[in-house]
Number of protein chains: 4
Amino acid sequence: MSSNEKIPVGILGATGSVGQKFIELLSNHPWFQIVELSASEKSAGKLYKNAVNWILSTPLPEEVANITVQECEPNLKSKLVFSGLDSSVAGGIEEAFAKKGYYVVSNSKNHRMDKDVPLLVPEINPDHLEIIKTQDYNGGCIVTNPNCSTIGMVLALKPLLDNFGLEAVNVVTMQALSGAGYPGVSSLDIIDNVIPYISGEEPKLESEPLKIFGTFKENKIINNEIKISAQCNRVAVLDGHMECVQVKLKKKVSIEEIKKAWDNFSSEPQKLNLPTAPLKPIYYFEEDKYPQPRIHRNLDKGMAVSTGRLRKDPLFDYKFVVLSHNTNRGAAGGALLCAEIMKAKGYI
Amino acid sequence: MSSNEKIPVGILGATGSVGQKFIELLSNHPWFQIVELSASEKSAGKLYKNAVNWILSTPLPEEVANITVQECEPNLKSKLVFSGLDSSVAGGIEEAFAKKGYYVVSNSKNHRMDKDVPLLVPEINPDHLEIIKTQDYNGGCIVTNPNCSTIGMVLALKPLLDNFGLEAVNVVTMQALSGAGYPGVSSLDIIDNVIPYISGEEPKLESEPLKIFGTFKENKIINNEIKISAQCNRVAVLDGHMECVQVKLKKKVSIEEIKKAWDNFSSEPQKLNLPTAPLKPIYYFEEDKYPQPRIHRNLDKGMAVSTGRLRKDPLFDYKFVVLSHNTNRGAAGGALLCAEIMKAKGYI
Amino acid sequence: MSSNEKIPVGILGATGSVGQKFIELLSNHPWFQIVELSASEKSAGKLYKNAVNWILSTPLPEEVANITVQECEPNLKSKLVFSGLDSSVAGGIEEAFAKKGYYVVSNSKNHRMDKDVPLLVPEINPDHLEIIKTQDYNGGCIVTNPNCSTIGMVLALKPLLDNFGLEAVNVVTMQALSGAGYPGVSSLDIIDNVIPYISGEEPKLESEPLKIFGTFKENKIINNEIKISAQCNRVAVLDGHMECVQVKLKKKVSIEEIKKAWDNFSSEPQKLNLPTAPLKPIYYFEEDKYPQPRIHRNLDKGMAVSTGRLRKDPLFDYKFVVLSHNTNRGAAGGALLCAEIMKAKGYI
Amino acid sequence: MSSNEKIPVGILGATGSVGQKFIELLSNHPWFQIVELSASEKSAGKLYKNAVNWILSTPLPEEVANITVQECEPNLKSKLVFSGLDSSVAGGIEEAFAKKGYYVVSNSKNHRMDKDVPLLVPEINPDHLEIIKTQDYNGGCIVTNPNCSTIGMVLALKPLLDNFGLEAVNVVTMQALSGAGYPGVSSLDIIDNVIPYISGEEPKLESEPLKIFGTFKENKIINNEIKISAQCNRVAVLDGHMECVQVKLKKKVSIEEIKKAWDNFSSEPQKLNLPTAPLKPIYYFEEDKYPQPRIHRNLDKGMAVSTGRLRKDPLFDYKFVVLSHNTNRGAAGGALLCAEIMKAKGYI
């Protein structure tokens, strides 16, 4: 696809940490081309390179550096917009765009739990996309992707749910600093330290999976009823959320059956060969010490989840660890994959 | 007590990280005086200051610096010895000392599960000390203290066990680097990283509490039967093990009742006013973000445990976090407190 | 001195990181008693414990926790005030207090270079205090202490200047995060990283020593004319500035003569036995790997400087490293020592 | 070039940290193909994947994983061998290979200062390669690349030397942990810390540039006579050595002339389009806060050096910072580039 034939896209909240990751991932994207960037009043009118405090370790793409930032008003030429807006403003702005007919793919929490908004993980619930047809947005729509700590866990759980049934899930997270945005966590608070609390995180992790694993029937998403308990901690890791997970299954299964379920797992994004989809959504590591954030977070474009240490549990059935990249798979990359499946399936 | 009247003590494994902590804590101790240091053949014959790679941030006490290190042979003048020996050699050496009539207070794992050896936390099971009378060691004895990840948890659980009864405990740890000894964990393995595995740690955390909480009856320790599941992780923290704990209790209780049980908890070391005992064994913090390793690990001489974030749990009854200093409360300080209670109660 | 006989003091900027350190150091001070706390409008009217985000690892002193914070207006009862104000507001507020007759001891940069304001390091230039008599402040005065990166270096240089003469000084710093205040440096910017720039730091380090080492004559401070070059870096250390220093001396001297000059150095704060003065201002370490921030920053109440690695230099005469605690010796502790010498010498 | 046509190569010290980096960089190399791996007796006979503790964040290449490790005896089929051997054994083994006719390209320090061995930085002194003809090794040869802290600095200095002449260089380093090998520096020694000493590093940094910048004349390398002073520190950074450099030049030049000299610098590896050569050896960053290890170390395949903060110096002429990747450009990547230029110029 030549540059001219690509679908033009805009980014809302382009200067924030998620906005930057969108830019990194959309640079050289085969289908989409960034043509517009929106941010707060403070940045509007400036060249992007002058408005942003670029924090990624890949250089700011030249073709984006000289785009003039606009305010977040629904008068963009691109019909598809990615939102990395802060949740303090995302709600209203995203609605305003949708009402004007834009396709809004959002990483913000505001509309995740709206009844007619899909909370989409393309490998898990692509059928939920159908619900956007019930949205009352004049042809526009809002599609959301889950919280960064949810997405790794639900990917690892999906094959267990499908093959063995899930009754209860217990999870304790050790989450990376980039999940708090920039500047986020002060260095004085986290070097030689752990913070056993992340505001609002545990409720998300206990509720979002129920919707994601919900059944789409008669134009409604009926939530799943797994019981979940979550405890969330911040640790001194730059990228990559690590989670200790315990599960109670509906069927008695062996360790080998679970590993096989993970190994065999492949879904629509893989079949459709979406550009941002991992070749394989789940990798299991046999070494006791694996996975680790620094070593495995970038696996398969940072879009796969890594699992390890699967073993019997005295209180549940099994316990294991899951790792996923919180700003790739867990934020901008996840949202981009949502847009790709929307395009591939004709929603865009 | 003048220096001459103090009880002379020796340290086995004096150059290791636990050995160094013993020296730090015994410096200026009101009852005990270090007079002998033993270590491996490699160090024997050298002045301590030349044999040790001192890693603590308090200076090496002058009166210890010039003691000549001896081999770990049971021919010391001190009848009381503290063992910080590596578990690869601790078993045999400690036995050899006990058989020659020494009182061995050990931080090593080797004899912890011996039927006639107390696994002692002075605030919890001081009555277990009585079992040393059944040891077949010609007047000597072996007393052990638990693993560094066990001790914080059992202290926080003890008031719950006593007041409400415990059915099940689930724990996920984020453990400090000093728990691995020196040089221990390579910096290349842990900066910007988490390691979801610590060799041998989970079995200890699942089994040691059963003995500690056991009943001493007819010269036997009968293990408790709480069900425990543990998952252990290494994080980039120098000192202080953080643990996310969930409990199923035998009684229905309120949050306030649990806080009150913690707040009221006080035990023999406090009544006996032992020099190394914390004034208060358990501190609860109301702030969501507390406790934290860097801020609270040194609380009350590093001998108290800090708890926080007590809240209802969807799968168990309650969940909360516990923090304790792994080399003070969890190793050398814990062992020292064992010796103090032995002295106070006439076992020495 | 009973609590009633202590000199009442106030703190300006009490909620900031330097303000907190003042509170920590003034708790249980033998001469001074905190009675008033001032901060921004936002905090005024609140109890201190509710206004502050306490970041130190020692607990907030109880007697301070319940003081009601006031605005920074010159209507305090305490005549002596310590200023930890941000430099964006310190200039005017400090002047306003001085004009109303307050003794202002400030850690802010604003008035450091005023001709009639001493830039005081009590071990180095206590005679400069005399210049406050020329201040036009209706009986009040302003006294400043130097930047945190300056103070360690000048203490190590002072004995060289006095004994051998100094021609040129080259310094490269590796500075701690607490020097940037709170929240200061984002964790995303410094974990696994170095930042080779600290805004405004190099000019301070190149100019402040000239005034500190200046001669007080005929009511004027005549600057010294040493040539100084500074390069400043931020590293992932919580507390403690490390500096690589090279010196060109006026006399040829041996390594032993320099070590002896450091070892013999003692000054008025030591003679006057000031409560916050280190017993010994400079400690030299023979081990190649010393000093180190984590190990030596708290030496002698965090008020001493540690030196090491003294060796011949191919371009200058000698090179060595200096370490000092940037918020104790380098900020609040340094300012407190200024107030102590003012009191001891009758300026207060 | 098909796999069959590639030059077969062996790696000496294949399990060490430099050996692993050689494997990473040689995987998919267009000219060279790893066919043999040698390591210590302990590893010999095992499959590589079972012998190695793989520490890199890219996965162990499959085609290498199943090679059986051999002892370091000069009976390999590959005539070209890369040595990542520890210096405790490298000297003799490398000689033994060279004497048997092997081309040894070494990252070890042992032969760097041998009169007939080139200390090669392909962008700087490719003509020195000619000296291998004077080696007395039966057709074999030894070629070395410099120490990891030397190589970044000399690349930044080369255009200054060529255009303006160099009289004196002062350097203070902040070096990454990977430079110490694996396990290298204990986490307990470097988290929240700086170590102001690296054994043997300063002498290398003060002497190696003199040979690298030497003149090759009449089959001899005549050392340059720049005066250099070096101070080396270890900081909590995984990869990437940062250096604060000051220079005294022979000509008066402007800042713009220096930037231009850096920008224009290009050399034989660029002209020959060597596979591992950076497109541009030196990148200058205008932002005060740049370069930074985490952000710029991987620039241009990790083979470029980044400079920044060029400014006038009160004691020398100019000061600036240099950053380079210590295990890519500074070790295995640098050695690989040596082999590539040897091949391109017909020495292999």
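The structure we're discussing is the one just above.
Keep in mind that what you see is a predicted model, and the values were worked out from it rather than measured.

Asker: Could you clarify how one ought to interpret the pattern of salt bridges in this entry?
Answerer: A side chain with one charge can pair with a side chain of the opposite charge if their charged atoms come near. If you walk through the whole model with that rule in mind, you get 60 salt bridges over all chains. Note that A:Lys21 is salt-bridged to A:Glu24, the shortest N-O span being 2.9 Å. Remark: A:Glu24 and A:Lys21 occur in helix H1 (residues 17–26); sequence separation between them is three residues, near one turn of the helix. Exposure class is identical for A:Lys21 and A:Glu24. Each is buried. A:Lys319 is paired through a salt bridge with B:Glu206; the nearest N and O atoms lie 3.0 Å apart. Of the two residues, A:Lys319 is situated in strand S14 (residues 318–324) and B:Glu206 in helix H7 (residues 201–212); the pairing between them involves two chains. Of the residues examined, B:Glu206 reaches a relative accessible area of 22% and is grouped as partly exposed.

Asker: Help me understand a positive patch on the surface in this model?
Answerer: On the surface, A:Lys227, B:Lys248, B:Lys252 and B:Lys312 cluster together to form a positively charged patch. Mapped onto the fold, B:Lys312 is located in strand S13 (residues 305–312).

Asker: Teacher, can you tell me more about the relation of the copies chain B and chain D here?
Answerer: One copy of the chain maps onto the second through a rotation about an axis and a displacement along it. For the pair chain B and chain D, the superposition axis carries a translation of 0.0 Å, the fit reaches an RMSD of 0.0 Å, and the rotation angle comes to 180°. Taken together, the rotation angle and the small translation identify this as a two-fold axis. The C-alpha atom lying nearest the rotation axis in chain B is that of B:Ser187; the distance is 2.0 Å. In this assembly the copies share their binding face: 100% of the residues contributing to the interface of chain B also contribute to that of chain D.

Asker: What should I look at first to understand the relation of the copies chain A and chain B in this one?
Answerer: Once turned by 180° and shifted 0.0 Å along the axis, chain A lies on chain B with an RMSD of 0.0 Å. Both copies contact each other with a shared surface, as 100% of the interface residues of chain A are interface residues in chain B too.

Asker: What is the right way to read the packing of helix H5 (residues 148–164) of chain C against helix H8 (residues 255–264) of chain C from this model?
Answerer: What describes two packed helices is the angle between their axes and the distance between those same axes. All names here are of chain C. Close contact between H5 and H8 brings their axes to 9 Å; oriented N to C, the two are set at 115°. In terms of crossing hand, the pair formed by H5 and H8 is right-handed. Packed against H5, whose contacting residues are Ala156, Pro159, Leu160, Asn163 and Phe164, the element H8 presents Glu257, Ile258, Ala261 and Trp262 at the interface. Taken together, the residues that form the contact of H5 with H8 break down as seven nonpolar, one polar and one charged.

Asker: What is the right way to look at empty space enclosed by the protein in this model?
Answerer: Left-over empty space is what a probe sized like a water molecule reveals as it rolls over the atoms. Per the counting criterion, the structure on display carries two cavities of 30 Å³ or more. Space inside the largest cavity adds up to approximately 140 Å³. Taken together, C:Asn193, C:Val235, C:Ala236, C:Val237, D:Asn193, D:Val194, D:Val235, D:Ala236 and D:Val237 make up the lining of the second largest cavity. Within the lining of the second largest cavity, the residues separate by chemical class into seven nonpolar, two polar and no charged.

Asker: Is there a simple way to explain the interface of chain A and chain B in this structure?
Answerer: By convention, interface size is frequently given as the accessible area that disappears when the constituent parts associate. Contacts between chain A and chain B engage 49 residues on the former and 49 residues on the latter. Taken over both partners, the interface formed by chain A and chain B buries close to 3,600 Å², and the fraction arising from carbon and sulfur atoms is 54%. Where chain A touches chain B, the interface holds eight salt bridges. The interface formed by chain A and chain B contains 32 residue pairs in polar contact (both at pLDDT 80 or more). Contributing elements (two or more residues each) for the side of chain A that touches chain B: strand S7 (166–175), helix H6 (187–190), helix H7 (201–212), strand S10 (227–234), strand S11 (241–249), helix H10 (293–296), strand S13 (305–312) and S14 of chain A. The residue inventory of the side of chain A that touches chain B, partitioned by class, reads 28 nonpolar, seven polar and 14 charged.

Thresholds applied
Residues numbered from 1 in each chain as written. Chains lettered and ligands numbered in written order. Predicted model: local features only at pLDDT ≥ 70, side-chain atom pairs only at ≥ 80, totals over all residues. Heavy atoms only, no water. Salt bridge = Lys/Arg side-chain N within 4 Å of Asp/Glu carboxyl O. Helix = DSSP H or I, 4+ residues; strand = E, 2+ residues; numbered from the N terminus. Buried < 20%, exposed > 50% of the residue type's maximum accessible area, 1.4 Å probe, protein only. Patch = residues over 30% accessible without salt bridge, like charges linked within 9 Å, V, L, I, M, F, W, Y side chains within 5 Å. Areas by Shrake-Rupley, 256 points an atom, 1.4 Å probe, with all protein chains shown as cover. Lys, Arg positive; Asp, Glu negative; His and termini not counted. Charge placed at Lys NZ, Arg CZ, Asp CG, Glu CD. Least-squares fit on C-alpha atoms with pLDDT ≥ 70 in both. Contact = heavy atoms within 4.5 Å. Axes fitted to C-alpha atoms, helices over the stretch in contact; angles between N-to-C directions. Left-handed = near helix turned anticlockwise from the far one by under 90°. Nonpolar A, V, L, I, M, F, W, Y, C, P; charged D, E, K, R; others polar. 1 Å grid on protein atoms, 1.4 Å probe; cavity = no way out; pocket = protein on both sides within 12 Å on 5 of 7 lines; lining within 4 Å. Points joined across faces, edges and corners; volume = space filled by probe spheres on them. Buried area = accessible area lost by both parts, 1.4 Å probe. Polar contact = N/O pair within 3.5 Å; in protein donor to acceptor, adjacent residues only side chain to side chain.

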